[in-house]
Amino acid sequence: MKTRFAPSPSGYLHLGNARTALFNALFAASEGDGTFLLRIEDSDAERSTVDYRDAIVEDLRWLGVHWQEGYGLKGADTTTTYTQAGRGALYAEYLSRLEAEGHAYPCFCTPEILAGQRVEQRAAGKPPRYPGTCRHLKAPEIERRLAGGEVPALRFRVEPAAKPDFDDLVRGSQAFRGADIGDFIIRRADGGPAFFFCNAIDDALMGVSHVLRGEDHLSNTPRQLLLLQALGLPVPIYGHLPLLLGDNGKPLSKRLGDVSLRALRELGYFPEALLNYLARLGHAYTDNGLLSFGDLASAFQVHKIASAPAHYDPAQLAHWQKLALGEAEEGVLWEWMGKETRARVPVGQEMQFVAAIRGNIRFPDEALAWAERLFSTTLERDDESLEIIRESGANYFQTATVLLSEYVDFKNFMARLRDATGCQGKALFQPLRAGLTGCLSGPELAPLVLLLGTEQAVQRLNECVHILKGKR
Ligand code: GLU
């Protein structure tokens, strides 16, 4: 069995596209010997760019979705074989065959004529459909119009009695009638083949046996079935995935710049978080833990794909981010925190820093904030902290400063501070946190004191004494 992902490089992959890629990869891997193929659908030269093509490849690899055949793999020239831009001659050959065998005919109707016909059909309460104007043109008339400089499109002939029905892997049996489809264009007047024509030819010639793709392509499927049958080419089994809807209830779309994989990656989401989140968008897993690609694949069952639309829920994604962060190795987290953070943490304290803050952050910018808070010589304290500092008074901080200079360990220090100040619970901890870190929430204090070093800690508490005595 062979599945595929066939993105059009007209934007960055959004979560909906990434889920389609992932489901195809999981489906192939779930079959053991399945192959997952990547094909670049850049037949629309105006909207496709090389930069987006490269970005798609890079983002899929980053996500951990790997293909065994197709574009961008080492070895043969994958640009002529697995991009549509490299396959123009092949499409032309199949288009000519359809025309020669009477399955397709030249159509001279201009866009204006077609638009006018649609208006009339709508006014008469009929669905817009090609009325067959050029269907029966005789050869001499075609010759005459061609000689007169008219440039036709090529239209596929659909028999009104045709029944291009199929069983959808996700939506069950689907029935269509040729009469409802009407003859459709497979080569535009500018010579370009229709996107869904190239797409069907490629699937057949590349030996794709199963296609999972967005529901937005469902209306192409009966046309593609008719084309492949006319050419005697194999028809894949299709499954149309329900759309992924954004907060506004509208489908996520590349062109609208909706949550791209790249944007989420730049924010610091872990690939494992996205992989686990996406795998569960419309497919239930009994294991709620963070799973590897292999484990997700073993439990993947195509009939478990839900047919109701899935919604993008940032809170769910945040949940997987937390799990992924919790399971990441310290070295990985250190890299993930980014250059700026790494430059601020003193040599020798790297892993201590990671261990201290990992439970209190979700993204690299929060790690940077902690590095700044701990290792800058000047500390900005937020308003709530200043308030707590004022409430606890100079005596608390003077006492804490003295005890801190005799620091042995955190537990001993806190016990002595409690005895000396008579403060307990929040009243004991909060002023210390406010004085040392400038904010009221964060990682445990004991490792933070170690990271600060007693000298720096003493200095920060002294600052509080000065604030309270009005010297600052
Ligand atoms: N190139 C199409 C797209 O990006 C995919 C079509 C398909 O999966 O069959 O929407």
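Below or above, wherever it landed, is the structure these notes cover. In this text the structure is predicted, and so the values were computed from the model without any measurement.

1. Some remarks on the overall build of the protein
Then, in step 1: Counting its regular elements, the protein contains 22 helices and twelve strands.
Then, in step 2: A compact globule built from 472 residues would reach a C-alpha radius of gyration of about 23 Å, whereas the protein, at 32 Å, exceeds it by more than 25%.
Then, in step 3: Viewed in the frame of its principal axes, the protein has a C-alpha envelope of about 105 × 50 × 40 Å.
Then, in step 4: Put simply, the protein has 472 residues, and 50% of those count as buried.
Then, in step 5: Looking at the protein alone, contacts between residues at least 24 apart form 72% of all its contacts between residues at least 6 apart.
Then, in step 6: Surface accessibility of the protein: about 22300 Å² in total, with carbon and sulfur atoms responsible for 51%.

2. Regarding the sheet that holds strand β8 (residues 184-187)
Then, in step 1: Spatially, the three strands line up as an open sheet ordered β4-β5-β8, and their pairing is antiparallel. At either margin of the open sheet sits one strand with a lone partner, and together these are β4 (104-107) and β8. Taking the axes of each pair of neighbouring strands and ignoring which way they run, one obtains an average angle of 45° across the sheet.
Then, in step 2: Looking at chain direction, strand β5 (residues 153-156) and β8 are connected through three bridges and run antiparallel. Note on β8: the bridge partner recorded for R155 is I185.

3. What about the packing of aromatic side chains?
Then, in step 1: Across all of its chains, the model carries 14 aromatic pairs by this definition.
Then, in step 2: On the numbers, 4.8 Å between centres and 20° between planes, the contact of F270 with W336 is stacked. Placement of F270 in the loop between α10 (261-267) and α11 (271-279) and of W336 in helix α14 (residues 330-336) is noted, with a sequence separation of 66 residues between them. In this pair, the class of F270 matches that of W336, namely buried.
Then, in step 3: Connected via pairs of aromatic rings, a cluster forms that spans F23, F27 and F300.
Then, in step 4: Residue placement shows R19 over the ring face of F23; its charged tip is 5.7 Å from the ring centre.

4. Side note on the nonpolar core
Then, in step 1: Judged by nonpolar contacts, the single largest core of 129 residues is most densely connected at L15, I186, F197 and F353.
Then, in step 2: In terms of residue count, the dominant contributor to this core is helix α1 (residues 15-30) (nine residues).
Then, in step 3: Excluding anything up to four places from it in sequence, L15 contacts L244, L252, V259, L261, L264, L274, Y277, L278 and Y312.

5. Considering the packing of helix α18 (residues 383-404) against helix α19 (residues 410-421)
Then, in step 1: Close contact between α18 and α19 brings their axes to 10 Å; oriented N to C, the two are set at 145°. In this structure, the crossing between α18 and α19 has a hand that is right-handed. On α19, the residues that touch Y396, T399, A400, L403 and L404 of α18 are F413, R416, L417, A420 and T421.
Then, in step 2: A breakdown of the residues in the contact of α18 with α19 according to their chemical character gives seven nonpolar, two polar and one charged.

6. Here's the deal with the site of the ligand
Then, in step 1: R4, A6, P7, S8, E41, F195, N199, R213 and H217 make up every residue found near the ligand.
Then, in step 2: R4 is positioned such that a nitrogen or oxygen atom in its side chain is 2.6 Å from an oxygen atom of the ligand.
Then, in step 3: Contact between the ligand and N199: an oxygen atom at 2.9 Å from a side-chain N or O atom of the residue.
Then, in step 4: In isolation the ligand has 300 Å² of accessible area, and contact with the protein removes 84% of it.
Then, in step 5: Residues that form the shell around the ligand fall into these classes: three nonpolar, three polar and three charged.

Conventions used here
Residues numbered from 1 in each chain as written. Predicted model: local features only at pLDDT ≥ 70, side-chain atom pairs only at ≥ 80, totals over all residues. Heavy atoms only, no water. Helix = DSSP H or I, 4+ residues; strand = E, 2+ residues; numbered from the N terminus. Rg over C-alpha atoms; globule rule 2.2 N^0.38 Å. Buried < 20%, exposed > 50% of the residue type's maximum accessible area, 1.4 Å probe, protein only. Contact = heavy atoms within 4.5 Å. Areas by Shrake-Rupley, 256 points an atom, 1.4 Å probe, with all protein chains shown as cover. Pairing = 2+ DSSP bridges. Axes fitted to C-alpha atoms, helices over the stretch in contact; angles between N-to-C directions. Phe/Tyr/Trp six-rings, centres within 6.5 Å; stacked < 30°, edge-to-face > 60°. Lys NZ or Arg CZ within 6 Å of the ring centre and 35° of its normal. Core = buried A, V, L, I, M, F, W, Y, C linked by side-chain atoms within 4.5 Å. Left-handed = near helix turned anticlockwise from the far one by under 90°. Nonpolar A, V, L, I, M, F, W, Y, C, P; charged D, E, K, R; others polar. Near = heavy atom within 4 Å. Polar contact = N/O pair within 3.5 Å; in protein donor to acceptor, adjacent residues only side chain to side chain.

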